[in-house]
There are 2 protein chains.
Amino acid sequence: MRIVIAPNSFKECMTALEVAKAMASGASQACPDSEILTVPLADGGDGTAEAIVAARRGRMVQVAANDPLMRPVKVQYGLFDDDRKAVIEMAAASGLWRLKEHEKNPLKTSTYGTGEMIRDALNRGVRSLIVGIGGSATTDAGMGMASALGYRFLDEYGNELAPIGDSMNLVAQIDSSNVLEELHETEIFVASDVTNPLLGPNGAAPVYAPQKGATPEMVEILEKGLSRMSSLLERDLNAAVGDKPGGGAAGGLGAGLMAFCDAQICSGFDLIADYARLDDALDGAALAITGEGKIDSSTQFGKVPAGVMRRAQAKGVPVVGIAGALVGDRTLLNEHGMAAMFSIAPGPISLQDAMEKAGDYLAHTTEQVVRLWQCRT
Amino acid sequence: MRIVIAPNSFKECMTALEVAKAMASGASQACPDSEILTVPLADGGDGTAEAIVAARRGRMVQVAANDPLMRPVKVQYGLFDDDRKAVIEMAAASGLWRLKEHEKNPLKTSTYGTGEMIRDALNRGVRSLIVGIGGSATTDAGMGMASALGYRFLDEYGNELAPIGDSMNLVAQIDSSNVLEELHETEIFVASDVTNPLLGPNGAAPVYAPQKGATPEMVEILEKGLSRMSSLLERDLNAAVGDKPGGGAAGGLGAGLMAFCDAQICSGFDLIADYARLDDALDGAALAITGEGKIDSSTQFGKVPAGVMRRAQAKGVPVVGIAGALVGDRTLLNEHGMAAMFSIAPGPISLQDAMEKAGDYLAHTTEQVVRLWQCRT
C-alpha cells in the first residue's frame, strides 16, 4: 500500500523536505508496512530548488554572486539530471531578505546576482534551467540579470549604465553583441504564479514596488523606467513584453526573462510537480497527504495543497491536508475535493510553541490521520 | 451505518450533551445517511444527572434545598423511567462551587442539601436512586444527608447536634428511630471512582479536606471526628465502613451513604454507561467517537474516553477520541486501543478562543474525522 506525502513548506518554520520527513515518520509509525513516497513541493517561491533537487536526487552548489546592492555574497542553486539541468531561485541572490529595512530601495537594487547564477550554470554546461521568481528586492525589468549575461545598457552618450532600477530611465540602447553564446542554446522555464503584466495599474511598479521600499514618487519613476525599457526591448530585441501576463513578476524580471532569455513562464506548482514526478508517485497510491503552514480556506487555498488535491483527484486518490493553522470553514475545502483537513495543534498553544515543536506535532498528527484512515474495516 | 457519539463533558466549557450535539452535527455533515446515536456520558461527577436523563428521556426537576452553609437554594436533579428512578448529584446542593473562597470551611459545611434531594425523590415514589458524588464542600461523613432523612445525632446530654463537620467530635449517639420508612425500600447506587477509605493517611480528611478550605489543624479535628463517627456507625448502625474503599469519597459521604442508606458504591463510568445503554448503542456500530476537554496521555487517561474505548473494543468497533487539548504522546493512547486522537484546535489559539468557539471547532473536527474515516475505498 502506497502513501504519497507531498507538502509545501511550513513558511518560516520548516522546509518542504523537513515537513515531508516529519509526516513520513508519523505515517510509518501508523502503518509500518506501507510504501511511503515523499514528494516535497513548492509553488515557485522559497523551497523550489530544494524540492526539485530532492525529487531528482540532484545537488545544491554554492557560488559567489552579488546581492541586490552589489555586495558579494555566497548563494546556492540546484543541479540535477547529471548536472545537465539547474534550478535557480532568484531570491537566493536578489531577494528582499538580503536587505535590512533601511536598505530597501528598488531604485538602487539589481537582479545582477540572479544573472550570475544563470551564467554559472551555463558555464557548467547546463542547457535547461528553471528559475523560481518570488520575494525579489528589485524593480529593474531584469536589467541586472541581463548585464551578467552580457547585455549592455547604454545611455544617450553611449556610456554603460549600472543595471539598477534607477537607470531604466536613462537607457537609450540595449547592446546584445556580447551576450553569452550559450544563452541561445538554453531553455529556461520560469516558475511563477504571478499574472500581473509589466506595465499599468496592475504592473510591477504600483503593485509590488511599495513592499520593496518604494515611496509613491519612486513608484512613478519606476513605472516610467519600466515603460521605457518595454519600448527598448521591443525596438532592440524585438520582444513585445509590456502586457504579457507574468511580465510584472519579480519587479519585471518576468518580462526580462522572456525578452532577454526567451524564457517561458509556467505555473510554479505544475512545473515543480512535473519535475518532482508527482503523478508517477500518485499512480496506484492509496492515500495522499499534503500540507502547508497556514491555510485560509475562505480567501487563499494554498497553491500546493490545491494542486496536489487536483492531481490526486484525477487519479482517484483520496487526499488529506495537514496545516499548522486552518483559518475559516474546512467544509469549503472538502467541497473542493479535500477528503479531510487537520491542524497539527494539540490544543490551545502559542505560536512560538507551535513553531518550536512543529516537527513533533506534524508527525503525531500524520500518524493519527493514517491510523484513522486505515481503521475502517 | 451507525456512528455512536459518546463523549464526556468538556469541563468548564460544554456539557456532555452539548459536546455530543456538536459532534453529531459535524458527523452528519460528513455522512448525512448515517444513523448517529448520541450517548452523552459522565464519570459520576458533573453532568451525571444530565447524561442519564438524556439517555433515558427523563426530566430534570427543580426543588428547594440548603447549600453547604444551610442557606436556601434551588437545586436540580433528574427523574427517569416514568419518574420511578432518580439521579442526584451531591454537588448540586453541597458542592464546593456553592461557596465563595472565604466561605470554604469543612468544619462548618453540611451535606444536608443532598439528603433533601434524596428525601424529595423518595416522597415522589422513587425507589431506585443514583447518587453522583464529586466536588463536595463537606467533610461530615454524610451526617447532614442523614439528618435530612430522619437520623438524629445527639451529644452526651441527648441534645441534637447541627449536622456539620465540627459536630462529629460531639456525637455520642445516632438515633435512627425517625428515619424515613421509604429509605429501607430504596436501592441506592453511588457513582464514584474514588477508592480512598474514610480514615487514615489516605482518608477523607488528609487527602481532600485541604482543597475544601481546611487548615492542617482542621484536618486533625476532622480526622478525629470521622474516626468517632466510624465507631458510632459500627456501634449504633452495625455498619463497619471505616476502611471500605470509596468510604472517603466526598468527605466521607461515601461511607455515610453505605452506612445510613445501605448504598452500593459503583464505578461512575460503568454505572452511567449502563444506564445510558452504551453497549446497545455500540452493537453493530461502524464507528465510535468519544472525547473529553483535556486528555493527558502520560498521567491521566480520562475515565470516559477509556471506558468508551474498552466497551467499543469489546464489540470490535473502532473508536476515535477528540479532545480540547491533548497533552503528551498520542501513541500511548493508540497502544491502549484508541484508533486515533485529534484536538479541536485549528491552529495556535488562546485558551479563551478555544473555550468560546469550542462548539464550532468540535463540529468541524468531528466532520473531518468522519470524512477521513469514510474515504477509505
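First, a word on scope: everything that follows refers to the structure included in this document. No experiment lies behind these values; they were computed from the predicted model shown.

Description of the relation of the copies chain A and chain B
So, step 1. Rotating chain A by 180° and translating it 0.1 Å along the rotation axis places it on chain B, where the RMSD comes to 0.1 Å. In short, the pair behaves as if placed about a two-fold rotation axis. For chain A, the smallest separation between a C-alpha atom and the rotation axis is recorded for Trp373(A), amounting to 2.5 Å.
So, step 2. In this assembly, 100% of the residues forming the interface of chain A have copies in chain B that are likewise at the interface, indicating an isologous arrangement.

Topic: the interface of chain A and chain B
Quoted interface sizes are often the accessible area lost when the parts come together.
So, step 1. With 37 residues of chain A in contact, the opposing surface of chain B contributes 37 residues.
So, step 2. Here chain A and chain B share an interface that buries about 3100 Å² over both sides, 59% of which is from carbon and sulfur atoms.
So, step 3. The tally of links between chain A and chain B comes to zero salt bridges.
So, step 4. The tally of links from chain A across to chain B stands at 17 residue pairs in polar contact (both at pLDDT 80 or more).
So, step 5. Going through the elements one at a time, strand 12 (319–327), helix 12 (330–336), strand 13 (340–343), helix 13 (351–356) and helix 14 (358–375) of chain A are the ones with two or more residues in the side of chain A that touches chain B.
So, step 6. Per element, the largest residue contribution to the side of chain A that touches chain B is ten residues, and it comes from helix 14 of chain A.
So, step 7. For the side of chain A that touches chain B, a count of residues per class yields 20 nonpolar, twelve polar and five charged.

Here we look at the state of the cysteines
All names here are of chain B.
So, step 1. Evaluated as defined, the whole model comprises zero disulfides over all chains.
So, step 2. Of all cysteine sulfurs in the structure, the one in Cys-375 sits closest to Cys-31, which takes part in no disulfide; the separation is 12 Å.
So, step 3. On the basis of relative accessibility, which here comes to 8%, the residue Cys-31 falls in the buried class.

Quick notes on the sheet that holds strand 6 (residues 128–132) of chain A
Residues and elements named next belong to chain A.
So, step 1. Ordered by their spatial adjacency, six strands build an open sheet running 3-4-5-6-9-10, and the pairing between neighbours is mixed. If you trace the sheet from one side to the other, it starts and ends with strand 3 (59–66) and strand 10 (264–266), each paired once. Across the sheet, the axes of successive neighbouring strands diverge by a mean angle of 30°, strand direction being ignored.
So, step 2. The sheet contact formed by strand 3 and strand 4 (residues 72–80) spans eight bridges and is antiparallel. Of the residues in strand 4, the one forming a bridge with Val-63 is Val-75.
So, step 3. Where helix 2 (residues 48–55) meets the sheet, it contacts strand 3, strand 4, strand 5 (85–89) and strand 6, and its direction lies at approximately 155° from that of strand 5.
So, step 4. Lying over the sheet, helix 4 (residues 112–123) contacts strand 3, strand 4, strand 5 and strand 6, oriented at roughly 130° with respect to strand 3.

Looking at the pairing of strand 2 (residues 35–38) of chain A
Residues and elements named next belong to chain A.
So, step 1. Bridge count for strand 1 (residues 2–5) against strand 2 is four bridges, and the pairing is parallel. Bridge pairing in strand 2 places Val-4 opposite Leu-37.
So, step 2. In this fold, the crossover linking strand 1 to strand 2 by way of helix 1 (residues 16–30) has right-handed handedness.

Remarks on the sheet that holds strand 5 (residues 85–89) of chain B
All names here are of chain B.
So, step 1. Strands sit in the order 3-4-5-6-9-10 across an open sheet of six strands; the sheet is mixed. Every other strand in the sheet has two partners, leaving strand 3 (59–66) and strand 10 (264–266) as the edge strands with one partner each. In this sheet, neighbouring strand axes are inclined to one another by 30° on average, regardless of whether the strands run parallel or antiparallel.
So, step 2. Relative to strand 6 (residues 128–132), strand 5 is paired through five bridges, and the arrangement is parallel. Residue pairing for strand 6: Ala-86 is matched across the bridge by Leu-129.
So, step 3. Contacting strand 3, strand 4 (72–80), strand 5 and strand 6, helix 2 (residues 48–55) runs over the sheet at an angle of about 155° to strand 5.
So, step 4. Contacting strand 6, strand 9 (187–191) and strand 10, helix 8 (residues 249–261) runs over the sheet at an angle of about 170° to strand 9.

Conventions adopted
- Residues numbered from 1 in each chain as written.
- Chains lettered and ligands numbered in written order.
- Predicted model: local features only at pLDDT ≥ 70, side-chain atom pairs only at ≥ 80, totals over all residues.
- Heavy atoms only, no water.
- Least-squares fit on C-alpha atoms with pLDDT ≥ 70 in both.
- Contact = heavy atoms within 4.5 Å.
- Buried area = accessible area lost by both parts, 1.4 Å probe.
- Salt bridge = Lys/Arg side-chain N within 4 Å of Asp/Glu carboxyl O.
- Polar contact = N/O pair within 3.5 Å; in protein donor to acceptor, adjacent residues only side chain to side chain.
- Helix = DSSP H or I, 4+ residues; strand = E, 2+ residues; numbered from the N terminus.
- Nonpolar A, V, L, I, M, F, W, Y, C, P; charged D, E, K, R; others polar.
- Disulfide = S-S within 2.5 Å.
- Buried < 20%, exposed > 50% of the residue type's maximum accessible area, 1.4 Å probe, protein only.
- Pairing = 2+ DSSP bridges.
- Axes fitted to C-alpha atoms, helices over the stretch in contact; angles between N-to-C directions.
- Right-handed = clockwise from strand over helix to strand, strands pointing away.

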